[in-house]
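Tertiary structure, described
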Amino acid sequence: DEAFVFAAHARKFGGRISDDAGVRERDLRRANVAASFVDCRRGNRGCRVVMSTGSASDQQTPKKRWGSREWNWGSVVGEAHEQAALVRRALARPQERIALVERLNIGDVSETIWDTAVLAFALACQRALRERQISKNSDIARVYEGLTRGAYSENMLGRFDMARSLYAALPSDHQRAIDGRTLMPSDASVSGNWCAAVFASALSMLDFSQTGM
């Protein structure tokens, strides 16, 4: 039974330690963020999620990525390019992309799955726009544009806001399918399952599982 290891956030930092205290603290904090893995096995519909996160303060105040200069979406230089390359490799085969969508469909919004789903959505939108599968003036393209410029805060409320915008951008048949499983909650604190269902539906609309990124 062949297995693959999915390192969505694996980062390697090395080289000279800066004399600047602020830079040194940033690099050490980055170096201490452990890799997160999804171990999936061929023929097994489930995945075992192994999570490892940073400090409590990191979790309470998430670092800004989307829209930041360090993230630098759309450039070959920056953290976004590095993370996109990892996700492309980890989700290179249809069965690996299907496994991610299945995790969303069972309501998994752990940090690894959520961050991977958001990045996969952005990459799928980028491809769909390039191939003219969706129009740059479409509602889903506007959600993508808002994500890339950092319009959604990177916490529970921001996740809910983005999912609501994305739900409104989906075709009515996708909305009805989501409503048949879970209704939109009124409180972001209990929105996990619904947000996951919305992103699973959006990835399906973009033919993510078969066409990829």
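Everything that follows concerns the structure shown earlier in this document.
A short tour of the structure in this document, coming up. (Residues numbered from 1 in each chain as written. Predicted model: local features only at pLDDT ≥ 70, side-chain atom pairs only at ≥ 80, totals over all residues. Heavy atoms only, no water.)

Considering the arrangement of structural elements, one finds Glu 154 in the loop between helix 6 (139-148) and helix 7 (156-169). Polar contacts involving the side chain of Glu 154 include one to the main-chain amide nitrogen of Arg 65, which spans 2.8 Å. Within the local environment of Glu 154, its side chain forms a polar contact with the backbone nitrogen of Trp 66, the two atoms lying 3.0 Å apart. (Helix = DSSP H or I, 4+ residues; strand = E, 2+ residues; numbered from the N terminus. Polar contact = N/O pair within 3.5 Å; in protein donor to acceptor, adjacent residues only side chain to side chain.)

Attention shifts here to the environment of Asn 155. Along the chain, the position of Asn 155 falls in the loop between helix 6 and helix 7. With 33 residues separating them in the primary sequence, Asn 155 and Ala 188 have C-alpha atoms 10.0 Å apart. Of the polar contacts made by the side chain of Asn 155, one reaches the backbone nitrogen of Gly 158; its length is 2.8 Å.

Moving on, we come to the packing of aromatic side chains. Throughout the structure, instances matching the rule amount to six aromatic pairs. On the numbers, 5.0 Å between centres and 45° between planes, the contact of Trp 66 with Trp 73 is tilted. Of the two residues, Trp 66 and Trp 73, both sit in the buried class. Relative to Trp 194, the ring of Phe 160 lies with its centre 5.9 Å away and its plane at 80°, an arrangement referred to as edge-to-face. Here Phe 160 is found in helix 7, whereas its partner Trp 194 is found in helix 9 (residues 192-205), with 34 residues between them in sequence. Accessibility assignment for this pair places Phe 160 and Trp 194 in one class, buried. (Phe/Tyr/Trp six-rings, centres within 6.5 Å; stacked < 30°, edge-to-face > 60°. Buried < 20%, exposed > 50% of the residue type's maximum accessible area, 1.4 Å probe, protein only.)

Our next topic: the packing of helix 7 against helix 9. Where helix 7 contacts helix 9, the two axes come as close as 9 Å, and the packing angle between them is 45°. Regarding the angle of helix 7 to helix 9, the classification is oblique. Along this stretch, helix 7 crosses helix 9, giving a crossing that reads as left-handed. For the pair helix 7 and helix 9, contact is made by Arg 159, Phe 160, Met 162, Ala 163, Arg 164, Leu 166 and Tyr 167 and by Gly 192, Trp 194, Cys 195, Val 198, Phe 199 and Ala 202, respectively. By residue class, the composition of the contact of helix 7 with helix 9 is 10 nonpolar, one polar and two charged. (Axes fitted to C-alpha atoms, helices over the stretch in contact; angles between N-to-C directions. Parallel < 35°, antiparallel > 145°, perpendicular 65-115°, else oblique. Left-handed = near helix turned anticlockwise from the far one by under 90°. Contact = heavy atoms within 4.5 Å. Nonpolar A, V, L, I, M, F, W, Y, C, P; charged D, E, K, R; others polar.)

Before going further, it helps to examine the pattern of salt bridges. Here the structure, examined in full by the defined rule, presents eight salt bridges. For the salt bridge of Arg 149 with Glu 145, the shortest nitrogen-to-oxygen distance reads 2.9 Å. By relative accessible area, Arg 149 is classed as exposed at 53%. Relative accessible area serves as the criterion here: at 38%, Glu 145 is assigned to the partly exposed category. Here Asp 161 and Arg 164 are joined by a salt bridge, their closest N and O atoms 2.6 Å apart. You can see Asp 161 and its partner Arg 164 sitting in helix 7, three residues apart, about one turn around the helix. (Salt bridge = Lys/Arg side-chain N within 4 Å of Asp/Glu carboxyl O.)

With that settled, the discussion passes to unusual backbone geometry. Most peptide bonds take the trans form, and the phi angle of most residues other than glycine is negative. The phi torsion at Asn 72 lies on the positive side, around 55°, for a residue other than glycine. Assignment of secondary structure puts Asn 72 in the loop between helix 2 (56-60) and helix 3 (79-90). Non-glycine residue Asp 207 carries a positive phi angle of around 55°. Judged by its relative accessible area of 33%, Asp 207 falls in the partly exposed class.

For helix 5 (residues 111-130), with 20 residues, the first-to-last C-alpha span of 29 Å sits near the 28 Å given by 1.5 Å per residue. After helix 5 finishes, the residue Arg 132 shows a positive phi value of roughly 60°. (Expected span 1.5 Å × (residues − 1).)

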